[in-house]
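Fold and contact review
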Amino acid sequence: MQNKGAIKVFAIAFALACFYQLSFTLFTKNVEKKARNYAYSEVTYGEAKLQANGDKLREKFLVDSIATAKESFYLDSMSSEVVYNFLWIKKFTYQECKNREINLGLDLKGGMNVMMEVSTADVVRALAGNTTDPTFNKAMDLALEKQKTRSTSFVTLFGEAIKEVDPNVQLAGYFSNQLREKIKLTDDNEKVLSVIREEASSAFERTYQVLRQRIDKFGVAQPNIQKLDASERILVELPGVKDPDRVRGLLQGTAELGFWLCADNREAYPVLERANAFLADVESLTKKDSAGTVVDTTVAVAKADTAKSDLLASLEKDTTKKSSNTELAQKEMEAKNPLFSKLMPNVDQNSGTLREGPVVGHAPARYRKDIDEMLALAQAKKIIPSNIKFLWDAKPIKGSDFYSLYAISITSRDGSPLLSGDVISDARQDFDQAGGNQISMNMNPEGEREWKKITGANIGNCVAIVLDNYVYSAPVIRSEISGTSSITGDFTIEEAKDVANVLKAGKLPAPARIVQEAVVGPSLGQESINAGFMSFIVAFIIVIIYMIFFYSTAGAISAIALFTNVFFLMGVLASLQAVLTLPGIAGIVLTMAMAVDANVIINERIKEELRAGKTLAAAVTDGYKHAYSAIIDGNVTTLLTGIVLVVLGSGPVQGFAVTLCVGILTSLFTSIFITRLVIGFMLSRKKDVQFSFAFNKNFLTNTHIDFVGMRKKAYVFTIVLFVLAVGALVAKGLNYGIDFQGGRSYTVYFDKEVSVENLRSSLAKQFDGAAPEVKTFGTNDKVKVTTKYKITEDTPEVKKEVETKLYNGCKDFYAKPLTEKEFLSTQTNPLGIIAADIVGPTIANDIKRSALIAVFVALALIFVYIVLRFRKYQYGTGAVVSLTNDAMVTIGVFAFFNGILPFNMEVDQSFVAAILTVIGYSINDTVIIFDRVREYTHLYPRKDFKDVVNAAVNSTLG
């Protein structure tokens, strides 16, 4: 093998890079193990046992819930702690390691997956000034109807619809008022549609930015949000969420943008001081009230009116004197200053005096919630006056996890800002005179007049730009501003663009609604991990046993390559920040099979060379050389199907495809190069390398089957099988999951085994006689309930109605009664709904369409590749016909056995991935035969083609 040294260097470098990427996962798991041990060591079982009332399952769940809360607290406290010192070159905190570890999908970790559709129709209506013109509205309704069956952009559909309603209408008349800077009354319809398309795209981008900002502040580890521009949808994945209702509100709520006058730190500090004194007295009174009665806080309020904290005085003193008992001093500080023990006042450390400006203090991220609760209590008790409120900075102080707290003045009677965000007409990233990044913004005429008045009256004061109750910037007003305004700050270009997009979102909101939703409980996620891991281990062991059984020493070397392949694959996935899902684990299992396929081809080729009388070294060299073309062709054709799934798939299917594609590339490297290096090393050490045992040395080597002569019988058999498959599809059809037909699906966990028929009858009474589909999900105490009840009505009220009907139909099947709240608590209860999946009809149509496109595109790409590689269209045609037959027969068998076999045979996106995998494996075998036919045609040009084909097929049986 040429360039052996270079390959060794590359393999070692690749291994080190993979180890580096995987090391982050090792360190996070170590910290999390310590957190788990700490959490369970702190749990007291008495309270859980009392609440469970003899129910062992609930008792265990309560204990786990308490431990989980303590574990989360421990991990929060570790977020900024250094846990990994990489070769003393760079230090990584726990949070940094967490961001680099292997991500687990929702089906393994539990959490929430949401597909949101941006309502471009609402954007277009807003751009037209919400006109009541009947022609316009008729075209809008027609475009919305078209959108139900087509995934084309709404603006394009609107353009088609307006032509159908009135070919002579001039669109400029509808939009020139709102977009007078971009559209003139004389502009033709194509120009107007182009401008609308640009504005709609901008609105989509701004909606995405607002959602991303909200999610970033939601506090979920490793959230994922992706723009699906072609379908005007946004995919949001939130692992480990505990409150799906809160997420729905967060994602679908309207963004609130406002400009507020800031208060000065020196004016706001006495308010915080009074709040601190009040909270200290409340805490003291609460501790004294051991009976648990409600404490009257009027005494605390009265004390707070006259109390004076000595915190500032203590800051002026020498801070070098420290308590001998740090822990005791900390507890004393928290008791006397509950607020200031978490919030660091904005004080000059040298002089001990309060700093100027709107920032009143700083606090680490983990204390913000506690501080908010304290301030809310003080506000409720009138300790904090009604003309002031406190808001957090949108991002932490650079280089730390500390956030600034701003004092905001409320100047209006109704608590509204000086100016709301709907006056902004444009905002963009720009540069200031010093070359720094800033945001320039324009307002509509009304906004400009008001802004000029506000800035003229508040020169020298700060104005805070607030979005969703977070302060993005609080610049000082230097002079009266008219026309373009700017916001300066410590922005990167990306941050300036993001803030500009957020500001612009106030002018043109693009409403987004949830069209697909999946919620997976943590218990189901753990079961999926166990099942996936077990399938991986079993497959791994079986493959190794198989290889050693057939190929002796070479099989053991293949097992080494297999270990290396899995290691490389996981390292690459970690470096790509890919999400590992249950289908992704299936992709790893299939990758092992692909790696073994390559080793089988190599080993069989070497055995052929040995039977031809060559020395072991020569046989190894020629065997590898002759195997390359078949290996590459087989893997490339399978890779093409994987790429199709990456491009056209979504969610778990995309995870499967990414894993499969990466696995094919790593398996090619390990199968060809790693095995060659190991065999070469053994041969250089005069070690004997066996490629078979005595009993299987000549397995399938002397076959002389006349395959071509049997072709007519094969045609008849194939046609009959194909017709039966089509007949099964026509007669029985497929059991489509909600991916393809839309609906609501709930996985329900019971505390005993249930009868599916009885449960179906009970649910049919609730759903007005329309019996939902009920199937066991694994064991008989878990069922999957699917209903299409009011699926076109996507409102919170309908969702609640469906869940209530589901509860009423299921409640009598529990051994111990379960309340509706417990039943619906997807993330916080061991029983009831442990997973939920909602797919709207529009999404279902898109999934069906993309599934068909995926299959046809995969077949087309394979046809083109085969024709290019073998230089004859007959090869490509034969391959595609064969693949189509394989796929149809597989689908037909699936249809025939649906309802006969005792397990779920639902057709969903994963089924499409499986069919494409069948196509990939089928073409792999076909290409191996084609490759041998091509080789024999060159070796024996005068031989009859029938004999060439028979010889090729017989020689590749092994």
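Residues numbered from 1 in each chain as written. Predicted model: local features only at pLDDT ≥ 70, side-chain atom pairs only at ≥ 80, totals over all residues. Heavy atoms only, no water.

All right, on to the overall build of the protein chain then. Within the protein chain, the regular secondary structure consists of 31 helices and 23 strands. Buried positions account for 48% of the 958 residues belonging to the protein chain. Sequence separation of 24 or more characterises 72% of the internal contacts of the protein chain that already satisfy a separation of 6 or more. With the model as given, the accessible surface of the protein chain reaches about 47000 Å², and the carbon-plus-sulfur share is 58%. (Helix = DSSP H or I, 4+ residues; strand = E, 2+ residues; numbered from the N terminus. Buried < 20%, exposed > 50% of the residue type's maximum accessible area, 1.4 Å probe, protein only. Contact = heavy atoms within 4.5 Å. Areas by Shrake-Rupley, 256 points an atom, 1.4 Å probe, with all protein chains shown as cover.)

This part is about a nonpolar patch on the surface. Taken together, Ile643, Val647, Leu648, Ile853, Val857 and Leu861 make up a surface patch of nonpolar side chains, about 450 Å² in accessible area. The set of elements that each furnish at least two residues to the nonpolar patch consists of helix H21 (616–648) and helix H28 (841–870). Note that Val857 resides in helix H28. (Patch = residues over 30% accessible without salt bridge, like charges linked within 9 Å, V, L, I, M, F, W, Y side chains within 5 Å. Salt bridge = Lys/Arg side-chain N within 4 Å of Asp/Glu carboxyl O.)

Right, let's get into the nonpolar core. In this structure, Leu562, Met570 and Ile631 are the most contacted members of the largest nonpolar core, which totals 53 residues. When contributions to this core are tallied by element, the ones reaching two or more residues are helix H1 (4–42), helix H19 (522–575), helix H20 (582–611), H21 and helix H22 (652–684). If one sorts the elements of this core by residue count, H19 sits on top with 19 residues. If we skip the residues at most four places from it in the chain, Met570 touches Leu22, Ile102, Leu580 and Ile588. Judged by nonpolar contacts, the second largest core, of 44 residues, contains Val118, Val774, Val785 and Ile833. (Core = buried A, V, L, I, M, F, W, Y, C linked by side-chain atoms within 4.5 Å.)

Okay, the pairing of strand S23 (residues 832–839) next. Counting buried residues along S23, seven of its eight residues qualify, which places the element largely inside the surrounding structure. Here seven bridges tie strand S20 (residues 743–749) to S23, and the two strands are oriented antiparallel to one another. If you follow Thr747 over to S23, its bridge partner there is Ala835. (Pairing = 2+ DSSP bridges.)

By the definition in use, this model includes 37 aromatic pairs. Seen from their ring centres, Phe136 and Tyr174 are 5.1 Å apart, and the 50 degrees between their planes marks the pair as tilted. Residue Phe136 is found in helix H7 (residues 134–147), and its partner Tyr174 is found in helix H9 (residues 172–175); the two are separated by 38 residues along the sequence. The class of Phe136 is buried, set by a relative accessible area of 1%. Residue Tyr174 is classed as buried on the basis of its relative accessible area, which comes to 14%. Geometrically, the ring pair formed by Phe567 and Phe568 is tilted, given 6.0 Å between the ring centres and 45 degrees between the ring planes. Residue classification places Phe567 among the partly exposed positions, given a relative accessible area of 30%. (Phe/Tyr/Trp six-rings, centres within 6.5 Å; stacked < 30°, edge-to-face > 60°.)

This part is about the pattern of salt bridges. Evaluation of the coordinates by the stated rule reveals 24 salt bridges. The closest approach of N and O atoms between Glu101 and Lys98, which form a salt bridge, is 2.8 Å. Judged by its relative accessible area of 2%, Glu101 is buried. The exposure class assigned to Lys98 is buried, which follows from its relative accessible area of 9%. In this structure, the salt-bridge partner of Lys453 is Glu450, at a minimum N-O distance of 3.9 Å. Residue Lys453 and its partner Glu450 are both found in helix H17 (residues 445–457); the two are separated by three residues, about one turn of the helix. For Lys453, a relative accessible area of 56% puts it in the exposed group.

Purely geometric numbers; function is a separate question.
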